[in-house]
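# Per-entry structural report
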Amino acid sequence: MLEPLRQGLPPLDPATVSGAASCALPPRYEAVREARQFTRGTLNQWRMSEHFDDVCLVVSELVTNALRHGLPTGDGPRTPQDPPVRLHLMRWTERLVCAVRDPSHDSPVAGDSEDFCAESGRGLFLVDSFADSWGWHPLGGALSGKVVWALFQVPPAPGTPAESAY
């Protein structure tokens, strides 16, 4: 079990966000493909398509984990206002954050990355390998569950002033 982790995630002032996009994902595995398509479209719109491969791999792993481990196993009530899984992409001048929200309060569990024959269990190892940092935190207030996030450092677009140090 991993403790809630915010280290490595710099202060994220919503006023300095240069782009944000979010999509609700249905509680089925086809949602991983939808998340990749959403990510491709968003990164193309932000002129960041050169980062698609790494970001897409991380998004795929985070969404797969949310679907596999973050959804309730029973047929409990679900409301359209609170989708079971949601993908958020946020862009700053030199940072991109991918965050996946699910209704589970359970912490992410990293699998054994040394068993290279295993068909599953290496998702968080891949996230750790491709993102500059990652972590998770429980949600509070009206929102229930947790968010697992991954941060990518990206070069600023030409002609864009660099962010101040955080």
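Structure report, in brief. In this text, all values refer to a predicted model and were calculated from it rather than measured experimentally.

Attention shifts here to the overall build of the protein. Broken down by element type, the protein carries three helices and five strands. Helices and strands appear in the protein in the N-to-C order β-α-α-β-β-α-β-β. Per-residue burial for the protein yields a buried fraction of 40% across its 166 residues. For the protein, contacts bridging at least 24 residues in sequence account for 68% of all contacts bridging at least 6. Only carbon and sulfur atoms are counted for the fraction: they give 52% of the accessible area of the protein, which is about 9500 Å².

With five of six residues buried, strand E4 (residues 133-138) lies mostly within the body of the structure. Where E4 meets strand E5 (residues 146-153), six bridges bridge the pair, whose relative direction is antiparallel. Residue pairing for E5: Ser133 is matched across the bridge by Leu151.

Next up on the list: the nonpolar core. Counting 34 residues, the largest nonpolar core has Leu25, Val59, Val63, Leu87, Leu96, Ala150 and Phe152 as its most contacted members. Elements with a contribution of two residues or more to this core: strand E1 (19-25), helix H1 (31-45), helix H2 (52-69), strand E2 (85-91), strand E3 (95-102), helix H3 (123-130), E4 and E5. Counting residues per element, this core draws most heavily on H2, at nine residues. Counting seven residues, the second largest nonpolar core, distinct from the first, contains Val97, Leu139, Val147 and Leu151.

What follows covers the pairing of E2. Covered by surrounding structure in E2 are Val85, Leu87, Leu89 and Arg91 only, the residues Arg86, His88 and Met90 on the alternate face being uncovered. Bridging between E1 and E2 involves seven bridges; their strand directions are antiparallel. Each residue of the ladder has a partner; that of Ala20, found in E2, is Met90. Taken together, the six bridges between E2 and E3 define a ladder with antiparallel strand orientation. Bridging from a neighbouring strand, Arg86 pairs with Arg101 of E3.

Structurally, the position occupied by Glu61 is in helix H2. With 63 residues separating them in the primary sequence, Glu61 and Leu124 have C-alpha atoms 7.3 Å apart. Setting aside residues no more than four positions away along its own chain, Glu61 makes contact with Gly123, Leu126 and Val127.

Now for the side chain of Arg91. Within the secondary structure, Arg91 sits in strand E2. Within the structure, the side chain of Arg91 is placed 2.8 Å from the backbone oxygen of Thr93, a separation counted as a polar contact.

Further remarks concern the packing of aromatic side chains. All chains considered together, the criterion is met by zero aromatic pairs. A cation over a ring is seen here: Arg40 above Phe52, with NZ or CZ 3.8 Å from the ring centre.

The rules behind the values
Residues numbered from 1 in each chain as written. Predicted model: local features only at pLDDT ≥ 70, side-chain atom pairs only at ≥ 80, totals over all residues. Heavy atoms only, no water. Helix = DSSP H or I, 4+ residues; strand = E, 2+ residues; numbered from the N terminus. Buried < 20%, exposed > 50% of the residue type's maximum accessible area, 1.4 Å probe, protein only. Contact = heavy atoms within 4.5 Å. Areas by Shrake-Rupley, 256 points an atom, 1.4 Å probe, with all protein chains shown as cover. Pairing = 2+ DSSP bridges. Core = buried A, V, L, I, M, F, W, Y, C linked by side-chain atoms within 4.5 Å. Polar contact = N/O pair within 3.5 Å; in protein donor to acceptor, adjacent residues only side chain to side chain. Phe/Tyr/Trp six-rings, centres within 6.5 Å; stacked < 30°, edge-to-face > 60°. Lys NZ or Arg CZ within 6 Å of the ring centre and 35° of its normal.

Note that all results are geometric; they support no functional claim without further evidence.
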